[in-house]
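The lines below spell out each chain.
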Amino acid sequence: MTQPKPSTILLILAVFACVALYVLGAGLGAQDRSARGANPASKQERERWRERFVKPKPVAEEDLKTTGCVLSEGTVRVARGLACRVDIAKSGARVRTVNVEPLSGSQVDVRLEPKGGPAVPATLDGLDERRGLDVPEEGATLSLTCTRGVGNTAECPVKLR
């Protein structure tokens, strides 16, 4: 009788390990909540846990540098149809938050491009309400484009907190 190859033995051991992990998980009470239609954590509950444990600090105004628009007292005035670029400087904090809030019924398109790291860019089209965006330690570039100005003016005031 010939000896089995080492790769065959490893394959058999891997199959047994998978079966054992499945049985162990089922035995310890692992549940599939999706079958009952229950969401493991609602959006409000996730936000509450995030606020409780993570709670990123807001980006300081001195960490914001604008190109193509003017920043005054935390408010950026973006000309309609033109892009405003806001560079958010690097910081010692692991995560910070920048709140983007179009004022007086204006609408803006927002694009957040994180600098470096495994962060994912964010795009919000037609933003007309306050929204918090996470900024990684390396900083980010925030692009704002005015799509609907205030009244007869051709600009969108946007509060950055």
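See above for the structure.
Figured I'd write up the structure that's included with this text. (Residues numbered from 1 in each chain as written. Predicted model: local features only at pLDDT ≥ 70, side-chain atom pairs only at ≥ 80, totals over all residues. Heavy atoms only, no water.)

Some remarks on the pattern of salt bridges
Definition in use: Whenever a carboxyl oxygen of Asp or Glu lies within 4 Å of a side-chain nitrogen of Lys or Arg, that contact is scored as a salt bridge. In this description a helix means any DSSP run of H or I spanning at least four residues, a strand means any run of E spanning at least two, and both kinds are numbered starting from the N terminus. Working definition: with a 1.4 Å probe on protein chains only, accessible area under 20% of the residue-type maximum means buried, over 50% means exposed, and in between means partly exposed.
Enumeration over the complete set of coordinates arrives at six salt bridges. Of the charged contacts in the structure, one is a salt bridge between Glu 155 and Arg 77, with a shortest N-O distance of 3.5 Å. Of the two residues, Glu 155 is situated in strand E11 (residues 155–160) and Arg 77 in strand E4 (residues 75–79); the sequence distance between them amounts to 78 residues. Residue Arg 77 is classed as partly exposed on the basis of its relative accessible area, which comes to 43%. The residue Arg 111 makes a salt bridge to Glu 113 at a minimum N-O spacing of 2.5 Å.

Observations regarding the state of the cysteines
Rules: Any pair of cysteine sulfurs within 2.5 Å is marked as a disulfide.
Enumeration according to the criterion identifies two disulfides in this entry. Note on cysteine connectivity: Cys 69 is disulfide-linked to Cys 84, with sulfurs 1.7 Å apart. In this pair, Cys 69 sits in the loop between strand E2 (64–67) and strand E3 (70–72) while Cys 84 sits in strand E5 (residues 83–88), placing the two residues 15 residues apart along the sequence. Looking at Cys 69, the relative accessible area reads 14%, which means it is buried. For Cys 84, a relative accessible area of 1% translates into the label buried. A sulfur-sulfur distance of 1.9 Å marks the disulfide that ties Cys 146 to Cys 156. Measuring the twist about the S-S bond at about 60°, one finds the Cys 146-Cys 156 disulfide to be right-handed.

Describing unusual backbone geometry
Within the chain, Glu 73 stands out as a residue other than glycine whose phi angle is a positive 55°. Looking at the secondary structure, you find Glu 73 in the loop between E3 and E4. A positive phi angle, near 55°, is found at Ser 104, a position not held by glycine. Along the chain, the position of Ser 104 falls in the loop between strand E6 (95–102) and strand E7 (107–114).

Focus: the sheet that holds strand E10 (residues 140–148)
Note the following rule: Strand pairing requires that DSSP identify at least two bridges connecting the strands. Axis definition: a line fitted to C-alpha atoms, limited for helices to the stretch in contact. Angles are taken between N-to-C directions and run from 0 to 180 degrees.
Across the sheet, which stays open at both edges, the five strands sit in the order E2-E5-E10-E7-E8 with antiparallel pairing between neighbours. The strands lining the two open edges of the sheet, one partner per strand, are E2 and strand E8 (122–127). Within the sheet, the average angular offset between the axes of one strand and its neighbour, ignoring direction, is 20°. Here E7 runs beside E8; their pairing, made up of four bridges, is antiparallel. Pairing of Val 108 across the sheet is with Leu 127, part of E8.

Let's talk about the layout of surface pockets
Rules: The way it works is a 1 Å grid over only the protein atoms, where trapped points that fit a 1.4 Å probe form a cavity and open points with protein on both sides within 12 Å along at least five of seven lines form a pocket, and then any residue with an atom within 4 Å of a point lines it. Grid points are joined across faces, edges and corners, and a volume is the space filled by probe spheres set on the points. We call Asp, Glu, Lys and Arg charged. Ala, Val, Leu, Ile, Met, Phe, Trp, Tyr, Cys and Pro are nonpolar, and the rest, Gly among them, are polar.
There is about 440 Å³ of room inside the largest pocket. Surrounding the largest pocket, 16 residues form its lining, Glu 47, Arg 50, Thr 97, Gly 132 and Leu 133 being those nearest its centre. Residue assignment for the lining of the largest pocket shows that the elements contributing at least two residues are helix H2 (43–53), strand E1 (57–58), E6 and strand E9 (131–136). The class makeup of the residues in the lining of the largest pocket is four nonpolar, three polar and nine charged.

A short note on the nonpolar core
Our working definition: Only buried residues count toward a nonpolar core. Its members are Ala, Val, Leu, Ile, Met, Phe, Trp, Tyr and Cys residues joined through side-chain atoms within 4.5 Å.
Counting 24 residues, the largest nonpolar core has Val 100, Val 110, Leu 133, Leu 142, Leu 144 and Leu 160 as the members making the most contacts within it. Of all the elements, E10 adds the most residues to this core, at four residues.

Regarding the side chain of Glu 101
Our working rule: Pairs of residues are marked as contacts when any of their non-hydrogen atoms sit within 4.5 Å.
In this structure, Glu 101 sits in strand E6. Note on Glu 101: relative accessible area 18%, which makes it buried. Setting aside chain neighbours within four positions, we find Glu 101 in contact with Arg 130, Pro 157, Val 158, Lys 159 and Arg 161.

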